Amino acid sequence: RDSGDYVRGSLTDISRSGASLIVDREVKRGTFLELRFRLSSAASPLVLVAEVMRSSTIETTKKISLGLRFHGVKPEEDRAIMEFINRRQTERRNRGLA
């Protein structure tokens, strides 16, 4: 916590147990990351610990896709993630995309 390198990335998928993160450089499998992100512009940032479970190069962009598994998610963090997922699913259904 609060040590090591800082890497900016883009979350492309999130579930209650983990997420996909796109970054510019390789991160070894088994590495633990501290993630800071917001589920909405009005929400406080979540700070979660995640373990890199997989890493693969995206051929078209040469960026790295990381598969992450969350560790130690608190009930209120889990609830915030679940509410975010439910809102997104509702939005997709309302647009006829689900």
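Higher on the page you've got the structure.
Keep in mind it's a predicted model, so treat the numbers as computed, not measured.

Novice: Just checking my understanding: could you explain the side chain of Glu77 for this structure?
Specialist: Position of Glu77 among the secondary structure elements: in helix α1 (residues 75-94). Although Glu77 is buried, it forms no salt bridge, and the closest oppositely charged side chain is Lys74 at an N-O distance of 4.5 Å. Each residue touching Glu77, except ones within four places of it in the same chain, is listed here: Leu46, Val47, Leu48 and Gly72.

Novice: Whenever I open this one, α1 confuses me. Can you help?
Specialist: Residue pairs three or four apart in sequence face the same way in an α-helix, which turns once every 3.6 residues. If you check α1, its first and last C-alpha atoms are 28 Å apart, about what 20 residues at 1.5 Å a residue would give, namely 28 Å. Turning to α1, its buried residues number three or more, namely Glu77, Asp78, Ile81, Phe84 and Ile85. Angularly, the buried residues of α1 cover 125° about the axis, an arc narrow enough to put them on a single face. Along α1, the residues that are exposed and aim more than 90 degrees away from the buried face are Pro75, Arg93 and Asn94. Of the residues flanking the end of α1, it is Gly96, one or two places downstream, whose phi is positive at about 75°.

Novice: So what exactly am I meant to see when it comes to the layout of surface pockets here?
Specialist: Rolling a probe over the atoms, with the probe sized like a water molecule, indicates the empty space that remains. One number sums up the size of the second largest pocket: a volume of about 200 Å³. Forming the walls of the second largest pocket are Leu11, Thr12, Asp13, Ile14, Phe37, Arg38, Leu39, Phe84 and Arg88. Of all the secondary structure elements, the ones that give two or more residues to the lining of the second largest pocket are β1 (10-14) and α1. For the lining of the second largest pocket, the element with the highest residue contribution is β1, accounting for four residues. Here the lining of the second largest pocket is built from residues that sort into five nonpolar, one polar and three charged.

Conventions used here
Residues numbered from 1 in each chain as written. Predicted model: local features only at pLDDT ≥ 70, side-chain atom pairs only at ≥ 80, totals over all residues. Heavy atoms only, no water. Helix = DSSP H or I, 4+ residues; strand = E, 2+ residues; numbered from the N terminus. Buried < 20%, exposed > 50% of the residue type's maximum accessible area, 1.4 Å probe, protein only. Lys, Arg positive; Asp, Glu negative; His and termini not counted. Salt bridge = Lys/Arg side-chain N within 4 Å of Asp/Glu carboxyl O. Contact = heavy atoms within 4.5 Å. Expected span 1.5 Å × (residues − 1). Arc of directions from axis to C-beta. 1 Å grid on protein atoms, 1.4 Å probe; cavity = no way out; pocket = protein on both sides within 12 Å on 5 of 7 lines; lining within 4 Å. Points joined across faces, edges and corners; volume = space filled by probe spheres on them. Nonpolar A, V, L, I, M, F, W, Y, C, P; charged D, E, K, R; others polar.

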